[in-house]
Amino acid sequence: MKSKQRLFISITIIVAILLVVSCKKEDNTHISDIIYVRHAGADIPAYLYGNLENNTFIITLHGGPGDNGLELRQGKAAAELEKKFVMVYWDQRGQGLSEGKFSADDVTIDLMAEDLHALILVLKYKYGSNINLFLLGHSWGGELGTAFLIKKNYQNLLKGWIEVDGAHDIPKVNKEVVKMITTIGNEQITLGNSTKKWEALISEVSTIDTGNISIKEGRDLNKKARLAQKYLLNDGFIQKPEAVTWRDAGIIYHQDFLTAALSGSWFYLLNNNFYNEIETASYTGELYKIELPTLLLWGEYDFIVPPELGFSAYRTISSSDKKMIVFQKSGHSPINNQPKEFADEIIQFVEQHP
Amino acid sequence: MIVKTAIVLSLMLLAVTKNFAQVTGITERKLSFTISYYGNMLIKPGIKAGADYVITQKRCSEKERKKAAANSMIKQLVVSGDVGSFWHPHSHVAIFNYYTLNYRIVKPTQQKFNTIGLGPGIYRSVYPETYEVDDSGEISPVSMAGRFYFAPVLVLGTGKFMAGKTIQSWHFNTNIMFLCNYNTGVVPLLSFDIGIAFSFNKNKFIP
């Protein structure tokens, strides 16, 4: 009797294992890889998720500095893009889960552009030299991406450049923030929206000499820009980001918010030379060097990096293949405010440049 | 920098140990072993094993004991050595080893104890697939890539005794490991461990 029971249990286990194995879908086109790139004293992770079928990779450059690569993976837009392409979420030197040992004095935008070059070399080494590479930079990532594109002949390694609310000229950003707070603030006062708050904000920026904005004033302006966006979000001009999903929770789990936040913040804020370089960098005069197909994506109500930065880049970039899209219900992060429209524009752009 | 920090920490540990020993004179000693779930940020899973050795302990004086009434206390100085590992999903694995000198207050009537410990440690991260790119653009795969860090640790813990059994106590510790020379500075790593202590010695742990 016992031997029959054992036989029955054994068969049940074997059948269960076979069922599990047979149910597992064979899928060689979707990847979920992590690669560390060791370069100039830093070990920088890149997280790759998505569809390998089209042989197309989009390297993302996160904002901050001080954020991390996987932040751009949250939300519906990234999920849509991963269905079509391989998204490469790059932590950048000193941020996210990047490790290393290097002197703060050695960190420059140029070194970080070289890190990005190293990543591209590794991607081509691992996935083949014929892969299609696109670069997407958001906010500070737009500054870093621009610095990379105007250096040597690096843009020849890419198929296209997608700048999302990119801060490629901080002095210009600061001037435009003052202008935008004044203009849109007055419009909102006329409409009777958050009147007292806008009046206070306009009054504060009216004392700033836009011809001579210091780094400290620039930092304060960034805080005011966030406030302005908050007012517009509350008054329904900016679309609220969707609630956090289980997928997002999983992505947050993969991050290390304490270590990453402290590492990234200290790296940025305690490194005065680097901080000053970022806050004074102005690439508008060199944008003509970009000859790559370019897609510029901006939020209509982006006070942090106003849309004028995008329009100015559109006018200056040498490429004849360029497009500027302004999302009408977005602030600094259209990827969160209008994820579907955001993903659709990128899919269209990438598919037009196989 | 690392050497200086190590020397300062060692001197501090030595000073505390010496001072404590002068006050007590009690020589009862006890070895126990610990095993814990070790979670970086609680949810990045890992495991830790170690040994605790009570190097000296003292009871409150009679006068103090009257004051404390039923809550008489035993103060212990414990040295611990721990080794462990945790897994950062979709990223890296970490291995660590640290030694702490712990000051432990035991409340026998409540069978509870609280601990604070400090000591030197070492931490090693191990990455998955890694490629090194040199200045000329040459790429070479690196196997078992990762980095070593000098990692002093601060432990704050609490626990409860289960006297008379092989499993002597359970504990909940908060560990802050300071990874030195991490990128351009020092970065704290917050972890929690929940585990048990056991001993093969039949003697009652609390005399």
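Note that the structure is predicted; figures quoted are calculated from it, not measured.

## Overview of the overall build of chain B
Then step 1. A tally of regular secondary structure across chain B gives two helices and 12 strands.
Then step 2. For chain B, the proportion of its 207 residues judged to be buried stands at 44%.
Then step 3. Sequence-distant contacts in chain B: of pairs separated by 6 or more residues, those separated by 24 or more amount to 59%.
Then step 4. When the accessible surface of chain B is split by element, carbon and sulfur atoms take 65% of a total near 10,400 Å².

## Overview of the packing of aromatic side chains
Then step 1. Under the definition given, this model contains 20 aromatic pairs over all chains.
Then step 2. Look at Y38(B) and F96(B): their rings are 4.5 Å apart centre to centre, the planes differ by 40°, and that puts the pair in the tilted class. Here the residue Y38(B) occupies a position in strand β1 (residues 30-40), and F96(B) occupies one in strand β4 (residues 93-107), the gap between them amounting to 58 residues. Across this residue pair, the class does not change: Y38(B) and F96(B) are buried.
Then step 3. Taking the centre distance of 5.9 Å and the plane angle of 15° together, the rings of F172(B) and F192(B) count as stacked. Taken together, the positions of F172(B) in strand β11 (residues 167-182) and F192(B) in strand β12 (residues 185-198) put the pair 20 residues apart, joining distant regions of the chain.
Then step 4. Here F172(B) falls in the partly exposed class, since its relative accessible area comes to 32%.
Then step 5. Each residue in the set Y38(B), F86(B), F96(B), Y98(B), Y123(B), Y149(B) and Y182(B) is aromatic and connected to the rest through ring pairs, giving one cluster.
Then step 6. Over the aromatic face of Y49(A) sits the side chain of R73(A), whose NZ or CZ is 3.5 Å from the ring centroid.
Then step 7. Geometry around Y127(A) places K126(A) over its ring, the cationic atom sitting 5.2 Å from the centre.

## What to know about the side chain of K124(A)
Residue and element names in this part refer to chain A.
Then step 1. Along the chain, the position of K124 falls in helix α3 (residues 109-127).
Then step 2. Despite its burial, K124 pairs with no opposite charge, the nearest such side chain being E114 at 15 Å.
Then step 3. Filtering out sequence-adjacent residues up to four positions away, K124 remains in contact with S129, I131, L133 and L157.

## Digging into the packing of α3(A) against helix α4 (residues 140-149) of chain A
All names here are of chain A.
Then step 1. Where α3 contacts α4, the axes come no closer than 9 Å and their chain directions differ by 80°. Viewed along their axes, α3 and α4 adopt a mutual orientation that is roughly perpendicular. Contacts between α3 and α4 pair I109, M112, A113, L116, H117 and I120 from the former with W140, E143, L144, A147 and F148 from the latter.
Then step 2. When grouped by side-chain class, the residues that make up the contact of α3 with α4 number nine nonpolar, one polar and one charged.

## Describing the pattern of salt bridges
Any two side chains of opposite charge can pair if their charged atoms end up close together.
Residues and elements named next belong to chain A.
Then step 1. Within this structure, the stated rule accounts for 21 salt bridges over all chains.
Then step 2. For E114, the salt bridge identified is with K152, shortest N-O distance 3.9 Å. In this pair, E114 sits in helix α3 while K152 sits in the loop between α4 and β7 (160-164), placing the two residues 38 residues apart along the sequence.
Then step 3. K179 serves as the salt-bridge partner of E176, at 3.4 Å between the closest nitrogen and oxygen. Here E176 and its partner K179 are both found in helix α5 (residues 170-191), three residues apart, which amounts to about one turn of the helix.

## Section: the side chain of K151(A)
Then step 1. Its place among the elements puts K151(A) in the loop between α4 and β7.
Then step 2. Residues in contact with K151(A), not counting those within four places in the same chain, are D110(A) and E114(A).

## Considering the interface of chain B and chain A
Then step 1. At the interface, 35 residues of chain B touch 37 residues of chain A.
Then step 2. In total, chain B and chain A occlude about 3,300 Å² of area from one another, counting both sides; carbon and sulfur atoms represent 58% of this.
Then step 3. Counting the surface chain B buries against chain A, the share from its top three residues, H90(B), Y131(B) and N183(B), is 21%.
Then step 4. At the surface where chain B touches chain A, the tally comes to two salt bridges.
Then step 5. The residue R147(B) makes a salt bridge to D43(A) at a minimum N-O spacing of 2.7 Å.
Then step 6. At the junction of chain B and chain A, the tally comes to 16 residue pairs in polar contact (both at pLDDT 80 or more).
Then step 7. Secondary-structure elements contributing two or more residues to the side of chain B that touches chain A are β7 (130-133), β8 (139-142), β11 and β12 of chain B.
Then step 8. The dominant element in the side of chain B that touches chain A, judged by the number of residues it contributes, is β12(B), at five residues.
Then step 9. Of the residues assigned to the side of chain B that touches chain A, the class counts are 19 nonpolar, 12 polar and four charged.

## Here we look at the environment of P128(B)
Then step 1. Mapping P128(B) onto the fold places it in the loop between β6 (121-126) and β7.
Then step 2. Judged by its relative accessible area of 29%, P128(B) falls in the partly exposed class.
Then step 3. Sequence separation between P128(B) and S143(B) is 15 residues, and the spatial gap between their C-alpha atoms is 8.3 Å.
Then step 4. Sequence-distant contacts of P128(B), defined by excluding residues within four places in its chain, comprise I34(A), Y36(A), S91(B) and H92(B).

## Overview of the confidence of the model for chain A
Parts of the prediction with low pLDDT should not have their coordinates interpreted in detail.
Then step 1. Taken residue by residue, chain A gives an average pLDDT of 90. The fraction at 70 or more is 92%.
Then step 2. When the criterion is pLDDT under 50, residues 18-26 of chain A qualifies, and its contacts beyond four places in sequence or with other chains add up to zero contacts.

## Details of α5(A)
All names here are of chain A.
Then step 1. Taking 1.5 Å as the rise per residue, α5 with 22 residues should run 32 Å; its terminal C-alpha atoms sit 31 Å apart, in good agreement.
Then step 2. Looking at the buried side of α5, the elements it contacts are α4, α6 (195-206), α7 (215-234), α10 (272-280) and α11 (308-316).
Then step 3. Two or three places before K172, at the start of α5, stands the capping residue D169, its side-chain oxygen 3.2 Å from that residue's backbone nitrogen.
Then step 4. Looking one or two places after α5, you find G192, whose phi comes out positive at around 80°.

## Looking at α10(A)
Then step 1. Of all the residues in α10(A), the buried ones are F274(A), Y275(A), I278(A) and E279(A). An end-on view of α10(A) places all buried positions within 125° of arc, on one side of the element.

## Some remarks on the nonpolar core
If you look at soluble globular proteins, the nonpolar side chains tend to sit buried side by side.
Then step 1. Core analysis: the biggest nonpolar cluster contains 79 residues, and L48(A), L123(A) and F303(A) have the highest contact counts within it.
Then step 2. Among the elements that make up this core, the one with the highest residue count is α3(A) (11 residues).
Then step 3. Domain assignment of the residues forming this core places at least three in each of domain 1 (30-169 + 243-351) and domain 2 (173-234) of chain A.
Then step 4. Beyond its immediate chain neighbours, meaning those up to four positions away, L48(A) contacts I31(A), S32(A), D33(A), I35(A), F57(A), V86(A), M87(A), V88(A), L123(A) and Y127(A).
Then step 5. In terms of nonpolar packing, the next biggest core, distinct from the first, is built from 32 residues, I34(A), L136(A), F349(A) and Y127(B) among them.

Thresholds applied
Residues numbered from 1 in each chain as written. Chains lettered and ligands numbered in written order. Predicted model: local features only at pLDDT ≥ 70, side-chain atom pairs only at ≥ 80, totals over all residues. Heavy atoms only, no water. Helix = DSSP H or I, 4+ residues; strand = E, 2+ residues; numbered from the N terminus. Buried < 20%, exposed > 50% of the residue type's maximum accessible area, 1.4 Å probe, protein only. Contact = heavy atoms within 4.5 Å. Areas by Shrake-Rupley, 256 points an atom, 1.4 Å probe, with all protein chains shown as cover. Phe/Tyr/Trp six-rings, centres within 6.5 Å; stacked < 30°, edge-to-face > 60°. Lys NZ or Arg CZ within 6 Å of the ring centre and 35° of its normal. Lys, Arg positive; Asp, Glu negative; His and termini not counted. Salt bridge = Lys/Arg side-chain N within 4 Å of Asp/Glu carboxyl O. Axes fitted to C-alpha atoms, helices over the stretch in contact; angles between N-to-C directions. Parallel < 35°, antiparallel > 145°, perpendicular 65-115°, else oblique. Nonpolar A, V, L, I, M, F, W, Y, C, P; charged D, E, K, R; others polar. Buried area = accessible area lost by both parts, 1.4 Å probe. Polar contact = N/O pair within 3.5 Å; in protein donor to acceptor, adjacent residues only side chain to side chain. pLDDT = per-residue confidence, 0-100. Expected span 1.5 Å × (residues − 1). Arc of directions from axis to C-beta. Core = buried A, V, L, I, M, F, W, Y, C linked by side-chain atoms within 4.5 Å. Domains from an automatic or database assignment.

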